[in-house]
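Understanding the architecture of this molecule
Listed here are the chains, written in short residue letters.
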Amino acid sequence: MSVNETQSPSRLREGLGEGLSCRPKHALPQPLPQAGGEMCTGWTREEIAALFELPFTELVFRAAEVHRANHRAGEVQLCTLLSIKTGGCPEDCGYCAQSVHADSGVEATKLLDVQEVLQRAAQAKDAGSQRFCMGAAWRNPKDRDMPAIVEIVEGVRAMGLETCMTLGMLTSRQADQLAEAGLDYYNHNIDSSPEYYERIITTRSFQDRLDTLGNVRAAGIAVCSGGIVGMGETREDRVGFIHTLATLPQHPESVPVNALVPVKGTVLGDMLADTPLAKIDDIEFVRTVAAARITMPRSMVRLSAGRESMSEATQALCFLAGANSIFTGDKLLTAPNAGDDADGALFAKLGLVPLAGEEPMRPHDSREAAE
Ligand code: SF4
């Protein structure tokens, strides 16, 4: 069953009070929060909707101010993503080419050999990546998979890279195992609003997502959670998506914002092909990035899938609106990505540099602990 505002609150929402005093009144022309200010988890949907409704330049200006108050605006974090187990996933996510329910031609593979993953991580480090993200197309990892996963986390971390994994749903025991191995981040996207979620996925519920995020947070692993826009959802759904993330008891440290890459053979790819909804409007995408930045000031907001089809100008607007993390490399799991050469040229053109400092929500470099 999915969550909506009239259903019982999830464990993630426990302790969320009404009328929190930390809530900045962004819907009105009032002062913006300062760096290091209290994290506000009391946003209402109306307030977030009002952000989306602001004149575009006003919204981007406010987002840029929040960004500068909390981050070094010229720095962008570089992450590398590797699929460590591709295809054959039993889930039916309507956007995903790796689902067994899709007719996308993606072949199922086994979990990559540990040494191969470590070799790819070393290459990513040489190419300047700070974080190595690894994805497996599973509903959830089996307990028999955990020893290899633990070995991978320990090996990548020993190289001085931050580690991130996305393996599907986790039990609290599995989350604890990953935490013990030193996993820095766990990615588990909420994808969309609670209401739209059940229209794109039927094999698990929105609450399942929130439960795994709760297990990850309870284990002490930093949370990476975002979603996809351009799946045929309404603006109200985009508001609900940002609202869910911004009202978690603690904001995710990383918030990936993807633009749907419609793949032939997937439910959404086939449904949206040749319709005006096949590509999210660029301005609406930037608005979503800006709303994420304003409501979650200290999180890293990551431009993820769909970036390769954005113009340089749109990407520049996203950086202005507070995006400060990207995936590098030619491929994102199975989707195409902008590629290192294109990114290098864009960074030079925009005067951006790779993130050298610390992330605001992770002030101490946990990688040192592994060395
Ligand atoms: S998005 Fe993840 S869980 Fe959903 S079908 Fe694809 S690999 Fe499976």
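Residues numbered from 1 in each chain as written. Predicted model: local features only at pLDDT ≥ 70, side-chain atom pairs only at ≥ 80, totals over all residues.

Helix and strand content of the chain: 12 helices and 12 strands. Considering only contacts within the chain whose residues lie at least 6 apart along the sequence, 79% involve residues at least 24 apart. (Helix = DSSP H or I, 4+ residues; strand = E, 2+ residues; numbered from the N terminus. Contact = placed C-beta atoms within 7 Å.)

Note that Asp103 resides in the loop between strand 1 (75–85) and helix 3 (114–126). Taking the C-beta count within 10 Å as the criterion, Asp103 has 14 such neighbours and is therefore assigned partly exposed. (Buried ≥ 20, exposed ≤ 12 C-beta atoms within 10 Å, placed from the backbone.)

This part covers helix 4 (residues 146–158). Counted at 1.5 Å a residue, the expected span for helix 4 with its 13 residues is 18 Å, and the 18 Å between its end C-alpha atoms agrees. All of the buried residues in helix 4 are Ile149, Ile152, Val153, Val156 and Arg157. Mapping the buried residues of helix 4 onto a view down its axis gives an arc of 120 degrees, with all of them on the same face. Positive backbone phi, approximately 90 degrees, marks Gly160, located one or two places after helix 4. (Expected span 1.5 Å × (residues − 1). Arc of directions from axis to C-beta.)

Quick look at unusual backbone geometry now. Positive phi values are uncommon outside glycine, yet Asp191 reaches one of about 75 degrees. Tracing the chain through its elements places Asp191 in the loop between strand 4 (185–187) and helix 6 (194–200). Despite not being glycine, Asp274 shows a phi value in the positive range, around 60 degrees. Tracing the chain through its elements places Asp274 in the loop between helix 9 (267–272) and helix 10 (282–295). A count of 8 C-beta atoms within 10 Å places Asp274 in the exposed class.

Low-pLDDT stretches of the model should not have their predicted coordinates read in fine detail. Across the chain, pLDDT averages 86, with 84% of residues at or above 70. This stretch, residues 1–21, has a pLDDT under 50; its non-local contacts, to residues over four places away or in other chains, come to 31 contacts. Confidence drops under pLDDT 50 across residues 25–36; counting only partners more than four residues distant or on other chains, this segment forms 20 contacts. (pLDDT = per-residue confidence, 0-100.)

Here the focus is the pairing of strand 1. Across the 11 residues that make up strand 1, a large majority, 10, are buried. Bridge analysis of strand 1 against strand 12 (residues 353–354) gives two bridges, and the strand direction is parallel. Bridge pairing in strand 12 links Glu75 to Val353. Alignment of strand 1 against strand 9 (residues 325–328), held across four bridges, turns out to be parallel. The residue of strand 9 that forms the bridge with Cys79 is Phe327. Note: strand 1 against strand 2 (residues 131–136), six bridges, orientation parallel. Bridged to Ser83 within strand 2 is Gly135. Handedness of the crossover joining strand 1 and strand 2 through helix 3 is recorded here as right-handed. (Pairing = 2+ DSSP bridges. Right-handed = clockwise from strand over helix to strand, strands pointing away.)

To continue, consider the nonpolar core. Soluble globular proteins tend to pack their nonpolar side chains together in the buried interior. Judged by nonpolar contacts, the single largest core of 96 residues is most densely connected at Tyr186, Val289, Ala290 and Ala321. Per-element accounting of this core gives the leading share, seven residues, to helix 10. The residues touching Val289, leaving out its near neighbours within four places in the chain, are Val257, Val301, Cys318, Ala321, Gly322 and Ala323. (Core = buried A, V, L, I, M, F, W, Y, C linked by C-beta atoms within 7 Å.)

A word on the packing of helix 8 (residues 235–246) against helix 10. Geometry of a packed helix pair, given as the angle between the helix axes and the separation of the axes. Taken N-terminus to C-terminus, the directions of helix 8 and helix 10 make an angle of 25 degrees; their axes are 10 Å apart at the nearest point. It follows from the interaxial angle that helix 8 and helix 10 lie roughly parallel. Pair helix 8 / helix 10 crosses with right-handed handedness. Across the interface between the two elements, Arg238, Ile242 and Ala246 from helix 8 touch Thr288, Ala291, Ala292 and Thr295 from helix 10. The residue inventory of the contact of helix 8 with helix 10, partitioned by class, reads four nonpolar, two polar and one charged. (Axes fitted to C-alpha atoms, helices over the stretch in contact; angles between N-to-C directions. Parallel < 35°, antiparallel > 145°, perpendicular 65-115°, else oblique. Left-handed = near helix turned anticlockwise from the far one by under 90°. Nonpolar A, V, L, I, M, F, W, Y, C, P; charged D, E, K, R; others polar.)

As a packed pair, helix 2 (residues 56–70) and helix 10 sit with axes 9 Å apart at the nearest point and diverge in direction by 35 degrees. Seen from above, helix 2 lies across helix 10 with left-handed handedness. When helix 2 is examined against helix 10, the residues Phe56, Leu59, Val60, Arg62, Ala63, Val66 and His67 are found in contact with a partner set consisting of Ile283, Val286, Arg287, Ala290, Arg293 and Ile294. When its residues are assigned to classes, the contact of helix 2 with helix 10 shows nine nonpolar, one polar and three charged.

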